[in-house]
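Geometric and topological summary
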Amino acid sequence: MSILVDKNSKVVVQGFTGKEGSFHAEQCLDYGTNIVAGVTPGKGGSDHLGVPVFNTVREAVIKQKANVSLIFVPPAFASDAIMEASDAGIEIVVCITEGIPIKDMVIVKKYLQKNNTILIGPNCPGIITPEEAKIGIMPGFVFRKGKVGLISKSGTLTYEAANQIVNAGYGISTAIGIGGDPIIGYSFIDLLKRFENDEDTEAIVMIGEIGGDLEIQAAKYIKENITKPVVAFIAGQTAPKGKRMGHAGAIIAGSKGTAKEKIDALKKANVNVAETAAKIGDTIKKVLK
Amino acid sequence: MNIHEYQAKKVLSKFGVATLLGKVATSSSEAREIAEEIGGEMWVVKAQVHAGGRGKAGGIKIAKTLDGVEELSKKILGMKLVTHQTGSEGKIVKKVYIEAAADIKKEYYLGIILDRQKEIPVMMASMEGGVEIEKVAAETPEKIIKIDIDPFIGLRDFQARMLAFKLGFKNKQIKYFVKFAKALYSAYLEMDGSLVEINPMVLLEDDSLIALDAKMGFDDNALFRHNDIVAMRDFEEEDPMEVEAGKYGLNYVKLEGNVGCMVNGAGLAMSTMDIIKYEGGEPANFLDVGGGANAETVAKGLEIILKDKNVKAIFINIFGGIVRCDRIAKGIIKATKNISIEIPIIVRLDGTNAKEAVDILNKSKISKLIPATDLQDGARKSVKFAKENY
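Reading guide: rules and limits
Residues numbered from 1 in each chain as written. Chains lettered and ligands numbered in written order. Predicted model: local features only at pLDDT ≥ 70, side-chain atom pairs only at ≥ 80, totals over all residues. Helix = DSSP H or I, 4+ residues; strand = E, 2+ residues; numbered from the N terminus. Buried ≥ 20, exposed ≤ 12 C-beta atoms within 10 Å, placed from the backbone. Contact = placed C-beta atoms within 7 Å. Domains from an automatic or database assignment. Expected span 1.5 Å × (residues − 1). Nonpolar A, V, L, I, M, F, W, Y, C, P; charged D, E, K, R; others polar. Pairing = 2+ DSSP bridges. Axes fitted to C-alpha atoms, helices over the stretch in contact; angles between N-to-C directions. Core = buried A, V, L, I, M, F, W, Y, C linked by C-beta atoms within 7 Å. Parallel < 35°, antiparallel > 145°, perpendicular 65-115°, else oblique. Left-handed = near helix turned anticlockwise from the far one by under 90°. pLDDT = per-residue confidence, 0-100.

1. Here we look at the overall build of chain A
Each helix and strand counted, chain A has 10 helices and 14 strands in total. The principal-axis extents of the C-alpha atoms in chain A amount to approximately 55 × 45 × 30 Å.

2. Considering the overall build of chain B
For chain B, the count of helices and strands is 13 helices and 18 strands. Along the longest, intermediate and shortest principal axes, the C-alpha atoms of chain B span 80 × 50 × 40 Å. Across the 390 residues that make up chain B, the buried fraction comes to 48%.

3. Some points on the interface of chain A and chain B
Contacts between the two partners involve 47 residues from chain A and, on the opposite side, 48 residues from chain B. Counting residues per element, the ones that place at least two in the side of chain A that touches chain B are helix 3 (75-87), helix 4 (102-115), helix 5 (155-167) and helix 8 (247-253) of chain A.

4. Points about the environment of B:Ala299
In this structure, B:Ala299 sits in helix 10 (residues 295-307). Setting aside anything within four residues of it in sequence, one finds B:Ala299 in contact with B:Gly331, B:Lys334, B:Ala335 and B:Asn338.

5. Focus on the domain arrangement of chain B
According to the domain assignment, chain B consists of domain 1 (21-100), domain 2 (104-230) and domain 3 (240-388). The straight-line distance from the C-alpha centre of domain 1 of chain B to that of domain 2 of chain B is 25 Å.

6. Quick look at helix 11 (residues 325-338) of chain B
Taking 1.5 Å as the rise per residue, helix 11 of chain B with 14 residues should run 20 Å; its terminal C-alpha atoms sit 20 Å apart, in good agreement. Where helix 11 of chain B is buried, its residues touch helix 10, strand 16 (313-320), strand 17 (345-351) and helix 12 (354-364) of chain B.

7. What to know about the domain arrangement of chain A
Residue and element names in this part refer to chain A. Domain parsing of chain A yields domain 1 (11-120) and domain 2 (138-288). For domain 1 and domain 2, the distance between their C-alpha centroids amounts to 26 Å. Residue-level contacts link eight residues of domain 1 with seven residues of domain 2. Of all the secondary structure elements, the ones that give two or more residues to the side of domain 1 that touches domain 2 are helix 4 and strand 7 (118-120). Examining the composition of the side of domain 1 that touches domain 2, we find that four residues originate from one element, helix 4, more than from any other. Each residue belonging to the side of domain 1 that touches domain 2 can be placed in one class, and the counts come to seven nonpolar, no polar and one charged.

8. A look at the sheet that holds strand 1 (residues 22-25) of chain B
Residues and elements named next belong to chain B. Strand order in the open sheet formed by four strands is 1-6-2-3, and the pairing between neighbours is antiparallel. Taken across any chain shown, the strands that pair with only one partner, and hence form the sheet edges, are strand 1 and strand 3 (60-63). Across the sheet, the mean angle separating the axes of adjacent strands is 20° when strand polarity is ignored. Against the sheet, helix 2 (residues 28-38) contacts strand 1, strand 2 (43-47) and strand 6 (96-100), and its axis sits at roughly 20° relative to strand 6. Packing against the sheet, helix 3 (residues 66-76) makes contact with strand 1, strand 2, strand 3 and strand 6, and its axis sits at approximately 10° to strand 2.

9. Details of the sheet that holds strand 2 (residues 35-39) of chain A
Remark on secondary structure: sheet strands pair via backbone hydrogen bonds, oriented parallel or antiparallel. Residue and element names in this part refer to chain A. The sheet built from seven strands is open, its strands ordered 3-4-2-1-5-6-7 with mixed pairing. In this open sheet, the two edge strands, each paired with only one partner strand, are strand 3 (47-48) and strand 7. Looking at chain direction, strand 1 (residues 11-14) and strand 5 (residues 68-71) are connected through four bridges and run parallel. Of the residues in strand 5, the one forming a bridge with glutamine 14 is isoleucine 71. In this fold helix 1 (residues 19-31) packs onto strand 1 and strand 2, with an angle of close to 175° to the strand it touches most, strand 2. Of the strands in this sheet, strand 1, strand 2, strand 4 (51-54) and strand 5 touch helix 2 (residues 57-64), which is tilted by about 155° from strand 2.

10. Section: helix 5 of chain A
Residues and elements named next belong to chain A. Here helix 5 is 13 residues long and its end C-alpha atoms lie 19 Å apart, about the 18 Å a rise of 1.5 Å per residue gives. With 12 of 13 residues buried, helix 5 is to be regarded as a mostly interior element. Of all the positions in helix 5, only Gly155, Thr156, Leu157, Thr158, Tyr159, Glu160, Ala161, Ala162, Asn163, Gln164, Ile165 and Val166 are classed as buried.

11. Quick notes on the nonpolar core
Within the largest apolar cluster, 197 residues are counted, with the highest numbers of intra-cluster contacts made by A:Ile71, A:Val94, A:Val205, B:Ala181 and B:Leu184. Filtering out sequence-adjacent residues up to four positions away, A:Ile71 remains in contact with A:Gln14, A:Gly15, A:Ala78, A:Ala81, A:Ile82, A:Val93, A:Val94, A:Cys95, A:Ile96 and A:Thr97. Counting 21 residues, the second-largest nonpolar core is a separate cluster that includes B:Val24, B:Ala31, B:Ala47 and B:Ile98.

12. Comments concerning the pairing of strand 14 (residues 259-263) of chain B
Residue and element names in this part refer to chain B. Of all five residues in strand 14, five are buried; the element is thus mostly enclosed. Side chains Val259, Cys261 and Val263 project from strand 14 onto one buried face, and the interleaved Gly260 and Met262 project onto a second face that is buried too. Strand direction decides the pairing type here: strand 14 and strand 16, joined by five bridges, are parallel. By the bridge assignment, valine 263 is partnered in strand 16 with asparagine 317.

13. Re the pairing of strand 2 of chain B
Residues and elements named next belong to chain B. With five of five residues buried, strand 2 lies mostly within the body of the structure. With burial as the criterion, each face of strand 2 is covered, one bearing Trp43, Val45 and Ala47 and the other bearing Val44 and Lys46. When strand 2 meets strand 3, the two strands line up antiparallel, connected through four bridges. Each bridged residue has a counterpart across the sheet, and for valine 44 the counterpart in strand 3 is isoleucine 62. As defined by bridge partners, strand 2 adjoins strand 6 across five bridges and the pair is classed as antiparallel. Within strand 6, the position partnered with valine 45 by the bridge is isoleucine 98.

14. Some thoughts on the environment of B:Glu134
Residue position: B:Glu134 is located in helix 4 (residues 133-139). Placed 115 residues apart in sequence, B:Glu134 and B:Thr19 show a C-alpha to C-alpha distance of 24 Å.

15. A word on unusual backbone geometry
The omega torsion across A:Gly121 and A:Pro122 is 5°, close enough to zero to call that bond cis. Looking at where A:Pro122 falls in the secondary structure, it is placed in the loop between strand 7 and strand 8 (126-129). In the segment running from B:Asn199 into B:Pro200, the intervening peptide bond is cis, with an omega of 10°. By secondary structure assignment, the location of B:Pro200 is in strand 10 (residues 193-204). At B:Asp207, a residue that is not glycine, the phi angle is positive and equals roughly 75°.

16. Here's the deal with the packing of helix 10 of chain B against helix 11 of chain B
All names here are of chain B. For the pair helix 10 and helix 11, interaxial distance at closest approach is 7 Å and the crossing angle is 50°. Overall, the two elements helix 10 and helix 11 adopt an arrangement that is oblique. Handedness of the helix 10/helix 11 crossing: right-handed. Contacts between helix 10 and helix 11 involve Ala295, Glu296, Val298, Ala299, Leu302 and Glu303 from the first element and Arg327, Ile328, Lys330, Gly331, Ile332, Lys334, Ala335 and Asn338 from the second. Looking at the contact of helix 10 with helix 11, its residues break down into seven nonpolar, two polar and five charged.

17. Brief notes about the confidence of the model for chain B
Regions with low pLDDT carry predicted coordinates that are not meant to be interpreted in detail. All names here are of chain B. Averaged over all residues, the pLDDT of chain B equals 92, while 100% of them reach at least 70. Confidence, read as mean pLDDT per element, is least for helix 4 in chain B (84) and greatest for helix 1 (residues 5-14) (98). Interface confidence for the predicted complex, given as ipTM, is 0.92, next to a pTM of 0.92.

Structure, rendered in C-alpha cells:
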C-alpha cells in the first residue's frame, strides 16, 4: 500500500517534448512509472520516448485513461496547464514548475475546488511510491520501499531525509514534496490524514520551514487526529530576518512563521522534532524501535 | 521586488489613485527647481529609501520657502536613515521626493495583501492612519477592518461601501472612497502586487482622498510580464553581492559568521546554516546554487563566498537530484584554478553521480579540499576548521 500513486497510476506528462519534460519523463520511465501519454499542443499524433503524444489532456484521458498528470510547462503557462488537467478529469495533478505567479495560483486553487482535483505543488519535486511509481524529479535510487511516509516543503531536504531513513534501516511508503510557494495544493494536513489511513505506513516524517503557518495548523491536526508516531524537522532556525514576508503578511497570518514557533507547536502535539537535519534518521529509529 | 514611494505613486496614479503633485530629485538644486515648478507656499521633502518609518527618523521634513526646500534636501540627501525597518546599519538617502503640501483633515490606513491561509487577497483599512500598522495590529487588532476579495469577482462597490461606513465616511466622501479603494485593487491586481499600502491615506479639506504615502511590492514570479516595473528596480537599495549572485541564478544572503556555505536547494541550505550553528559555529552566508547548477555557477558561488573576508572555512553540501554531483566537482576544480584558495573547503556530495564526483575530486589532488561523509560530518568539520583557521 501507499498513498495517492502506485504502479497502477496512469500518468500523462504535460510539456512532454520540452527539454525539462523529456529529461525527467525518461527518468520516470526508467524507474518503471506507467507513463501512458504526453501532451504538447501542436505535436499530437507523434511519438516521443515510445509514448504517444496528444494535443490536449482530454484526449490523453479518453484514449489512454490517464488519471495522474505531471507538469513541466514553463511558469507563464503552467496555471493554464493545471486547469486543463483538472477540466479533463485528471484526479491528481503534480506540478513541478517553479516560478508561477501568485495571482495565477489564486485562480487555480479556486477553480480546482470545483472539480475536486488534487494538486501537488507547484515548485516541488513530486511524488514517489518506491518500486512502483516516480512522478517527479527526485533521484529514485535514494528512496527504498518501506513503512515511513514522508511529507516535505523542500526538495533536496526530502532526499536528505529519505537517505537517512534508508540508512537507518527503514524505507519509504510514499514521499511527497508539497512545495514551498505561498499557495500550494495539498498540504501537510491532507497528507497526514492519508498516511494515518494507510495500513502500510507506520510512522510519518514531516519537513517544514519558516514562513506561513501550515506547520502550526498541522501540529493542531496531529494532536487531535493522528495516532501514528510523527517525526518533524523545521528548517530556518538561523534564517536572516530580511527573508521573511513583510509585516502586513504577519498581521494576516496571526503569527510570524518563525522556526521556533513551529517547533514549539509541534512539540506540544507530541511530535518528535529532530534537532538538526542530520538527526532525522536517528529520530525515526527512536520512534520505530 | 520593492520600489520607491515616488515610483509607487506613479504606478498607482495610472490606475486612478489620487496623489499630490510631486517629483523626485537627486540634488538640492534640482529639488528647488521642482518646488518652484509645483508652486504653492509649502512643500514636503521626503527621503526615498526602501523602508518605512522615515518620518520618525528625520527623513521627511516640511519646507515653507524655496530656500528651505534646498536646505532640507541638502541635509537629507546623503544622510544615513535608521528606521525600525532598516536595522542598525541604516540606509543612505540618494533621492528625495518633493511634494506639494496639503490641508489634512484626517489620516487613515488602507492596504491589500494576500491572505496565505484563505489564499485570496484581503483589503485592510483602519482609522489609525499614519502610525506603524504592525503596532496597531498587535495592540488593538479590533481597529483593523478586513474585507476578503473573491478573485473571480474582484472588489465590489458594496464591499468598498461597507469599509467606507466602518471608517466613518459620510456623503460624497463615500463615493470618493469607493473610487479610491477600487483603483487601489486594480493596481494591485493588474501589476501583480504582493503588497500595496497607503499609510496614510488622507481626507483633505475638500473631502477628497489622496495617497500621502505609498508602498508597493511585487510578486517576483510575475515580473516577466511587467517590464515597466523591472525597469524601476533600484540596485543601490540592494546588497551588491546579492545582486552579483543573482546574475548567475544564485540566491545569496550575507550573514555575520565565518563558515561559508554552498548548498543546493533553499530548505537544505537553511538546514545547513542551522546545523553549523548547532555545532557551535556561525554561518557566513546563505547560498542556494539552485536546480540548474553547473561548473560555472559553482565557481562563481565560491568566488562570491571568498569575497567575504570573515570566511575561514567553506562547507559545500550538495544532495544531487537534478543537480549532478560530478558537475559540482568540476566547478570546484575550475574555481580553484582561477582563484587561489587559502582556506579549507569541506565537501559533502551525495545523490546523483556522487561516486563519480568523489573520484574527480580525489584525482584533482587539491590540498585544501576535505571530504565529508555526510551532513553531520561535514558540519562538524567545517566548524572545527573555521575555529582552527581563525
